[in-house]
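The chain contents come next:
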Amino acid sequence: IEIRDPSSWEALDCAVRDIEGYQWLVFTSVNGVEKFFSRYRQLARDVRDLKGIRIAAIGSATERSLAKRGLNVEILPDEFKAEGLLESLKGKVLKGSRILIPRAKVARDILPMELQKQGAQVEVVEAYETTAPREGRERLELILEERPLDMIVFTSSSTITNMVEMAKPGTLRDTLKQTVIAAIGPITKQTGEGCGLEVQVQPSQYTIPA
């Protein structure tokens, strides 16, 4: 994958300028944290402006990225996916609360949809986008043709969908018959299986170290 800036910063910039109007900041990735605070600094906002805003993060790496900025995460789910975060937020999000979610352009909608059902006002803003690399298709084809692969490790659903799109049509499933497929978590595993790949490895905690 390749991480790119959004086509426009307008929505994120508007949210940053109005940051005092939110009760919750919810981060679903390290990339979301980095892109958000990059714009935050460029707009000359001060970290003290976040006083009173509650912060939730979907995983330990995202929590560490926020800690480096001197921010404490109030909600960190045991299960590092949207469903786990929703469970952890139950009873803590008041009806009418304004929640800001800076995230990738393409992402699962379950988190904002379920929070809206709880009565929250959820604003999802594009902080970055993940795309297939501009370069790499030929290299990928060479790797797949040159030698059998023992294992492929996928760290997100987009790494799978991009690889499937970049590989020669119809050859990937046959090429990977003897290859062990590892996925970081259940959503990535589900994407792989939807693309016809047999996922054999998934850690109990959905992190790269695990």
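See the structure printed just above.
Residues numbered from 1 in each chain as written. Predicted model: local features only at pLDDT ≥ 70, side-chain atom pairs only at ≥ 80, totals over all residues. Heavy atoms only, no water.

## Some remarks on the overall build of the protein
What counts here: Only DSSP runs of H or I reaching four residues or more are called helices, and only runs of E reaching two or more are called strands; each is numbered from the N terminus. A 1.4 Å probe rolled over the protein chains alone gives each residue an accessible area, and that area as a share of the maximum for its type sets the label: buried under 20%, exposed over 50%, partly exposed in between. Note on contacts: a residue pair qualifies if any of its non-hydrogen atoms lie within 4.5 Å across the two residues. For the accessible areas, the method is Shrake-Rupley and the probe is 1.4 Å, while residue cover comes only from the protein chains on display. We score Asp and Glu as negative and Lys and Arg as positive, and we do not count His or the chain ends. Charged groups are reduced to one reference atom each: NZ for lysine, CZ for arginine, CG for aspartic acid, CD for glutamic acid.
When you go through the protein residue by residue, the secondary structure sums to 9 helices and 8 strands. For the protein, the spread of C-alpha atoms along the principal axes amounts to about 55 × 35 × 30 Å. For the protein, with 210 residues in total, the buried portion stands at 43%. Pairs at least 24 residues apart make up 64% of the contacts formed inside the protein by residues separated by at least 6 positions. Within the structure as shown, the protein displays about 11,800 Å² of accessible surface, and the carbon and sulfur contribution to it stands at 47%. Once the 29 positive and 30 negative side-chain charges of the protein are each reduced to a mean point, those two points are 3 Å apart.

## Focus on the sheet that holds strand β7 (residues 180-183)
Sheets are built from strands paired through backbone hydrogen bonds, the pairs being either parallel or antiparallel. Rules: The pairing criterion for strands is at least two bridges between them, as found by DSSP. Axes here refer to lines fitted to C-alpha atoms; in helices the fit is confined to the stretch in contact. Angles between the N-to-C directions go from 0 to 180 degrees.
On the basis of which strands lie adjacent, the open sheet formed by 3 strands has the order β6-β7-β8 and parallel pairing. Looking at which strands have only one partner, the edges of the open sheet turn out to be β6 (151-154) and β8 (199-201). Each strand of the sheet is rotated relative to its neighbour by a mean of 45°, with strand direction disregarded. Relative to β8, β7 runs parallel, the two sharing 2 bridges. Residue pairing across strands places A182 opposite V201, the latter belonging to β8. Strands in contact with helix α9 (residues 186-194) are β6, β7 and β8; relative to β8, the strand with the most contacts, it is inclined by about 145°.

## A look at the packing of aromatic side chains
The cut-off we apply is this: Any pair of Phe, Tyr and Trp rings, taking the six-membered ring for Trp, is counted once the centres come within 6.5 Å. Such a pair is stacked with planes under 30 degrees apart, edge-to-face with planes over 60 apart, and tilted for the rest.
A complete count under the given rule lists 5 aromatic pairs for this structure. Ring geometry for F37 against Y40: centres 5.6 Å apart, planes inclined by 65°, an arrangement best described as edge-to-face. With a gap of 3 residues between them, F37 and Y40 both fall in helix α2 (residues 30-42), about one helical turn apart. Exposure class is identical for F37 and Y40. Each is buried. Following the ring pairs from residue to residue traces out a cluster consisting of F27, F36, F37 and Y40.

## As for the sheet that holds strand β1 (residues 2-4)
Strand order across the open sheet formed by 5 strands is β1-β5-β4-β2-β3, with mixed pairing between neighbours. Since the sheet does not close on itself, it has two edges, and those belong to β1 and β3 (54-57), each with one partner. Strand-to-strand twist in this sheet, taken as the mean axis angle between neighbours without regard to direction, amounts to 25°. Taken strand by strand, α2 contacts β1, β2 (24-27), β4 (98-104) and β5 (121-131), and its axis lies near 130° from that of β2. Sheet strands in contact with helix α5 (residues 110-117) are β2, β4 and β5, and its direction is about 170° off that of β4.

## A look at the nonpolar core
The criterion, for reference: Working definition of a nonpolar core: buried Ala, Val, Leu, Ile, Met, Phe, Trp, Tyr and Cys residues. They are joined through side-chain atoms within 4.5 Å.
In terms of nonpolar packing, the biggest core is built from 24 residues, with I19, L25, F36, F37 and L66 touching the most fellow members. When contributions to this core are tallied by element, the ones reaching two or more residues are α1 (10-17), β2, α2, β3, β4 and β5. In terms of residue count, the dominant contributor to this core is α2 (4 residues). Formed by 16 residues, the second largest nonpolar core is a distinct cluster that contains I58, L86, I99 and A120.

## Here we look at the pattern of salt bridges
Basically, it comes down to this: The salt bridge criterion pairs a side-chain nitrogen of Lys or Arg with a carboxyl oxygen of Asp or Glu, the two atoms within 4 Å.
If you walk through the whole model with that rule in mind, you get 12 salt bridges. Notably, a salt bridge pairs R54 with E74, separated by 2.5 Å at the nearest N-O pair. Pair noted here: R54 is in strand β3 and E74 is in the loop between α3 (60-67) and α4 (82-89), with a separation of 20 residues, a long-range link. With relative accessibility at 30%, the residue R54 sits in the partly exposed group. When salt bridges with common partners are traced through the structure, they connect D18, R98 and E123 into a single cluster.

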